[in-house]
Amino acid sequence: MALNFNFTEEQKMLEDSVYKWAVTWLEPQMEHAYELDVMPEGLFKETANLGINGIVFEEKYGGAAMGYVETLLAYETIARVSNALSMTVGASQTLCFDNFRRNATEKQKLDVLPKSCTGEYIGCLGITEPNAGSDAMSMATKAVKKGDKWIINGSKIFITNGPLADFMVFYAKTDPEKGPHGISTFMCYPKKQKGWSVEKIKKWGMRTSPTGLVTFEDMELPEEYLIGGLNKGVAVLTSGLCTERITLSGCTLGSMRSCLELSLKYSQERVQFGKPIASFQSIQEKLANMYCGYKASRWMAYSAAAYCDTLTNKSGGKGTDLDRMAAASLLYCGEVGTKIGLDAIQIHGGYGYCTEYGVTRHFLDQKLWEIGAGTSEIRRMIIARELMRDNFKSGM
Ligand SMILES: Cc1cc2nc3c(=O)[nH]c(=O)nc-3n(C[C@H](O)[C@H](O)[C@H](O)COP(=O)(O)OP(=O)(O)OC[C@H]3O[C@@H](n4cnc5c(N)ncnc54)[C@H](O)[C@@H]3O)c2cc1C
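Reading guide: rules and limits
Residues numbered from 1 in each chain as written. Predicted model: local features only at pLDDT ≥ 70, side-chain atom pairs only at ≥ 80, totals over all residues. Heavy atoms only, no water. Near = heavy atom within 4 Å. Polar contact = N/O pair within 3.5 Å; in protein donor to acceptor, adjacent residues only side chain to side chain. Areas by Shrake-Rupley, 256 points an atom, 1.4 Å probe, with all protein chains shown as cover. Helix = DSSP H or I, 4+ residues; strand = E, 2+ residues; numbered from the N terminus. Axes fitted to C-alpha atoms, helices over the stretch in contact; angles between N-to-C directions. Parallel < 35°, antiparallel > 145°, perpendicular 65-115°, else oblique. Left-handed = near helix turned anticlockwise from the far one by under 90°. Nonpolar A, V, L, I, M, F, W, Y, C, P; charged D, E, K, R; others polar. Buried < 20%, exposed > 50% of the residue type's maximum accessible area, 1.4 Å probe, protein only. 1 Å grid on protein atoms, 1.4 Å probe; cavity = no way out; pocket = protein on both sides within 12 Å on 5 of 7 lines; lining within 4 Å. Points joined across faces, edges and corners; volume = space filled by probe spheres on them. Expected span 1.5 Å × (residues − 1). Arc of directions from axis to C-beta. Domains from an automatic or database assignment. Contact = heavy atoms within 4.5 Å. Buried area = accessible area lost by both parts, 1.4 Å probe. Salt bridge = Lys/Arg side-chain N within 4 Å of Asp/Glu carboxyl O.

(A) View of the site of the ligand. If you check the shell around the ligand, you find 18 residues, and the closest are Ile127, Thr128, Ser134, Phe158 and Thr375. Here alanine 373 contributes a backbone N or O atom positioned 3.5 Å from an oxygen atom of the ligand. Between the ligand and threonine 375, the relevant distance is 2.6 Å, taken from an oxygen atom to a side-chain nitrogen or oxygen of the residue. Calculation on the ligand without its partners gives an accessible area of 990 Å², and the protein chains cover 64% of this total. Elements with a minimum of two residues in the shell around the ligand: β1 (123-126), β3 (149-160) and α10 (376-390). Top contributing element to the shell around the ligand by residue count: β3, with three residues.

(B) Quick peek at the packing of helix α6 (residues 233-269) against helix α8 (residues 321-353). Their axes nearest at 8 Å, the elements α6 and α8 cross at an angle of 20°. Relative to α8, α6 is oriented roughly parallel. Relative to α8, the crossing made by α6 is left-handed. For the contact of α6 with α8, the class distribution of residues is 18 nonpolar, nine polar and two charged.

(C) Broad picture of unusual backbone geometry. We note that alanine 65 has phi near 50°; this positive angle belongs to a residue other than glycine. Position of alanine 65 among the secondary structure elements: in the loop between α2 (43-49) and α3 (68-79). By relative accessible area, alanine 65 is classed as partly exposed at 46%. Even without a glycine there, the phi angle at asparagine 391 is positive, about 45°.

(D) Just empty space enclosed by the protein, in detail. Applying the stated criterion across every chain yields a total of two cavities of 30 Å³ or more. Contributing to the lining of the largest cavity are 13 residues, with Thr94, Leu95, Asn99, Gly240 and Leu241 lying nearest its centre. Listed by contribution, the elements that provide at least two residues to the lining of the largest cavity are α4 (83-103) and α6. Here the lining of the largest cavity is built from residues that sort into six nonpolar, four polar and three charged. Of the pockets and cavities examined, the second largest cavity occupies roughly 40 Å³. Around the second largest cavity sit Asn53, Gly54, Ile55, Val56, Phe57, Tyr68, Thr71, Tyr75, Gln93 and Thr94, which together line it. Of all the secondary-structure elements, those providing two or more residues to the lining of the second largest cavity are α3 and α4. Residue contributions to the lining of the second largest cavity peak at three residues, all from α3.

(E) Representation of α10. When the terminal C-alpha atoms of α10 are compared, their 22 Å separation across 15 residues agrees well with the 21 Å that a helix rising 1.5 Å per residue should span. Taken together, the buried positions of α10 are Ser376, Arg379, Ile382, Ile383, Glu386 and Asp390. Here the buried residues of α10 occupy an arc of 120° about the axis, which is enough to place them on one side. For α10, the exposed residues lying more than 90 degrees away from the buried face are Glu377, Met381 and Met388.

(F) Quick look at the domain arrangement of the chain. Domain annotation of the chain identifies domain 1 (9-121), domain 2 (124-227) and domain 3 (233-389). Placing the centre of domain 1 and that of domain 2 at their C-alpha centroids yields a distance of 23 Å. Counting residues at the interface gives 28 residues for domain 1 and 22 residues for domain 2. Where domain 1 abuts domain 2, roughly 2100 Å² becomes buried across the two surfaces, and 60% of that area is made up of carbon and sulfur atoms. Contact with domain 2 buries area across many residues of domain 1, yet Tyr34, Asp37 and Tyr121 alone supply 28% of it, more than any other trio. Of the charged contacts in the structure, one is a salt bridge between aspartate 37 and lysine 200, with a shortest N-O distance of 3.8 Å. At the surface where domain 1 touches domain 2, the tally comes to nine residue pairs in polar contact (both at pLDDT 80 or more). Looking at the side of domain 1 that touches domain 2, the elements that each hand over two or more residues are α1 (9-36), α4 and α5 (106-117). With 13 residues, α4 is the single largest residue contributor to the side of domain 1 that touches domain 2.

What follows is the structure, given as structure tokens:
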């Protein structure tokens, strides 16, 4: 077994360039943008210039042909400044466009992917519905074939980037009698589409990342907008969730790292009882636990990403080791990240509770990662199911 915990020179360059951009372009705008709950204008053009948008796409589509380790590293690095905007970039590039890339025809990919790489198109993915969250397979959105068109009716809730999306991948029942085996995947262009509408949802955390309630009302789609095969939606959905859970673990890692760095600095500067608070053992305990939590989380996430990159189809889904590893990565990162966010606020005392140091913003964003992309409870169910499937014979 070759174990090498160092990033390559190329990976270090990626991290450096993304970090420099995040602190110079993103950071100065964050406090104000968060208060107003607006995404910084030009975000996707900026990430296009950094080469992040099509990071795993083949060069013929305008991508950088890198792997999921690099994607995770890019998302972690953006999240050192903004967990929310890292999620927004990930929702577009990994959840929507990468999922599309795995399932669309060559012509569709050549039409769409280059525009996602340049930042011209922003994407979103629609799984969740008002009455179908964890139980996503009970979705009510229906697609009915009429001649050579699909007629779509239904709604999708909590859709990241919904309010500004140019492109959407979503799931609908094409054969409701067949339950999960009657679900298919569709694509559409929201801004050009009659029968598509969106309402922005207000949130306490993940502000700057726009979230929407999308409604389809007799929306007509050409038949070729069904992607990945009729009634094959579940395989598309579950394999997409694996790469989503792994790469979006980066959102939590970035927040954890920032919380630790900010806490280290603050605790050595803040003097109480004539000493820096970092000299008190109960503060040191928190710092040590934050460090251990971050390091362990990093290992969970990067080992899953590295394993994914070794697979021929770089894909998971039900019945694969990657399914368990991906669920475990986001489960662990999500829960440890929330604890680290809380400790960071505690170390900063009253100042931490205010906006100046940004630790509360990291915490509010971070809490989402125990809910989004399948809740902690659902991830535990997946891990247990996959452990029992092969009694952990693979050891992965
Ligand atoms: C900011 C944000 C962004 C999001 N972005 C997207 C997006 O881009 N696209 C998208 O499709 N969705 C998105 N989501 C939706 C997200 O994936 C769902 O919120 C999540 O899957 C949980 O569904 P729910 O909110 O309906 O909760 P519910 O499913 O109603 O769950 C409520 C509680 O019950 C628990 N529970 C449910 N079933 C079980 C069970 N069998 N055993 C034990 N406990 C159970 C849950 O774990 C949870 O604690 C987003 C959500 C948010 C808040």
